[in-house]
Amino acid sequence: MTDTESTAQVPEAPERARQTRTIRLGAGGSTIEVLAGPAETSGTVSIYRWRMSPSSRGPAPHFHTTFGETFIVEEGEVDYFDGRAWRTLRPGDTAHAAVGDVHALRKVRAEPATLLMALSPGVPREEYFAQLATVDERDLSRLHADHDNHFTDDDER
């Protein structure tokens, strides 16, 4: 079941508390926090924090035609596929997939991991993330296509 909740974050200027939207990605316990959407950055970037539960796996090889993605690991370890080979990312490590670059993430260790995702230019992904856990299997391909996720036939998982 996917649901969302808002949590207030108080910046240095106390008169401007910003709401962070948290999207639950099903029963497994993973969440996406919306840190900055395109409306907040004049379309330059969207920033999300993905808290991967111990059972979270990550997306298969895919690409996007309208935006690039940068991943920064905050906690745990995540494997990143750059279209040619897998490498392990640890806290502080960064990986970037430009527009059109095939990439994938996987988490094989039974521990949580947290990573920041920066999408450029900024695109709204909240609806996509919220629908992932509840979409019917027959509608999954449409959901991916509607949100610029193009999976390859490459079975590199």
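A short tour of the structure in this document, coming up. Starting from 1, residues in each chain are numbered consecutively following that chain's sequence as written. This being a predicted model, a pLDDT of at least 70 is required before a residue's local features are given, and a value of 80 or more before pairs of side-chain atoms are given or counted; all residues contribute to the totals for chains, interfaces and linings. Side-chain calculation: all heavy atoms of the structure are included, whereas hydrogens and water are not.

By the criteria applied, helices consist of DSSP H or I runs no shorter than four residues and strands consist of E runs no shorter than two, each listed in order from the N terminus. Scanning the protein for helices and strands turns up 2 helices and 12 strands. Think of it in three bands: residues with accessible area under 20% of the maximum for their type are buried, residues over 50% are exposed, and the middle band is partly exposed, with areas taken using a 1.4 Å probe on protein chains only. By residue count, 39% of the 157 residues in the protein fall in the buried class. The contacts of the protein with a sequence gap of at least 6 include a subset with a gap of at least 24, amounting to 59%. Methods summary: accessible areas were calculated by the Shrake-Rupley approach with a probe of 1.4 Å, and residue burial reflects only the protein chains presented. Total accessible area computed for the protein in this model is approximately 8,300 Å², and 50% of it derives from carbon and sulfur atoms. A contact between two residues is defined here by any heavy atoms of the two lying within 4.5 Å.

This part covers the pairing of strand 7 (residues 78-81). Here strand 7 shows no split at all, with Val-78 and Tyr-80 on one side and Asp-79 and Phe-81 on the other all buried. By the bridge criterion, 4 bridges tie strand 7 to strand 8 (residues 86-89) in an arrangement that is antiparallel. Each residue of the ladder has a partner; that of Tyr-80, found in strand 8, is Arg-87. Between strand 7 and strand 8, which follow one another and run antiparallel, lie 4 residues, and Gly-83 among them has a positive phi close to 95 degrees. Paired strands are those between which DSSP finds at least two bridges. Pairing of strand 7 with strand 10 (residues 104-106), which is carried by 3 bridges, proceeds in the antiparallel orientation. In the sheet register, Tyr-80 faces strand 10, and the bridge partner there is Leu-105.

Think of a 1 Å grid over just the protein atoms. A cavity is a set of points where a 1.4 Å probe fits yet cannot get out, a pocket is an open set with protein on both sides within 12 Å along at least five of seven lines, and lining residues have an atom within 4 Å of a point. Grid points are joined across faces, edges and corners, and a volume is the space filled by probe spheres set on the points. The computed volume of the largest pocket comes to approximately 670 Å³. Lining the largest pocket are 31 residues, with Leu-25, Trp-50, Gly-58, Pro-59 and Leu-132 positioned closest to its centre. Looking at the lining of the largest pocket, the elements that each hand over two or more residues are strand 6 (68-75) and helix 1 (126-132). Of all the elements, helix 1 adds the most residues to the lining of the largest pocket, at 3 residues.

It is worth spelling out the side chain of Ser-56 at this point. With respect to the helices and strands, the residue Ser-56 is situated in the loop between strand 4 (46-52) and strand 5 (62-63). Classification of Ser-56 by relative accessible area gives buried; the value is 11%. Residues in contact with Ser-56, not counting those within four places in the same chain, are Ser-30, Trp-50 and Lys-107.

With that settled, the discussion passes to the sheet that holds strand 10. Spatially, the 3 strands line up as an open sheet ordered 8-7-10, and their pairing is antiparallel. Two strands bound the open sheet, and with one partner strand each, they are strand 8 and strand 10. For this sheet the average axis-to-axis angle between neighbouring strands, irrespective of direction, equals 30 degrees. Axis angles are defined between N-to-C directions and span 0 to 180 degrees, where every axis is a line fitted to C-alpha atoms and, for a helix, only to the segment in contact.

A few words on the pattern of salt bridges. By convention in these notes, a salt bridge is any Lys or Arg side-chain nitrogen within 4 Å of a carboxyl oxygen on Asp or Glu. Tallying each qualifying case throughout the model produces 10 salt bridges. For Glu-33, the salt bridge identified is with Arg-51, shortest N-O distance 2.5 Å. Taken together, the positions of Glu-33 in strand 3 (residues 31-36) and Arg-51 in strand 4 put the pair 18 residues apart, joining distant regions of the chain. Taking the relative accessible area as the measure of exposure, Glu-33 reaches 10% and is therefore buried. The partly exposed category is assigned to Arg-51, whose relative accessible area is 34%. The partner of Asp-79 in a salt bridge is Arg-109, and the shortest N-O contact between them spans 3.7 Å. One end of the pair, Asp-79, is in strand 7; the other, Arg-109, is in the loop between strand 10 and strand 11 (113-120), with 30 residues separating them in the sequence. When its relative accessible area of 25% is taken as the criterion, Arg-109 is described as partly exposed. Each of Glu-77, Asp-79, Arg-90, Arg-106 and Arg-109 takes part in salt bridges that share partners, so that together they form one network.

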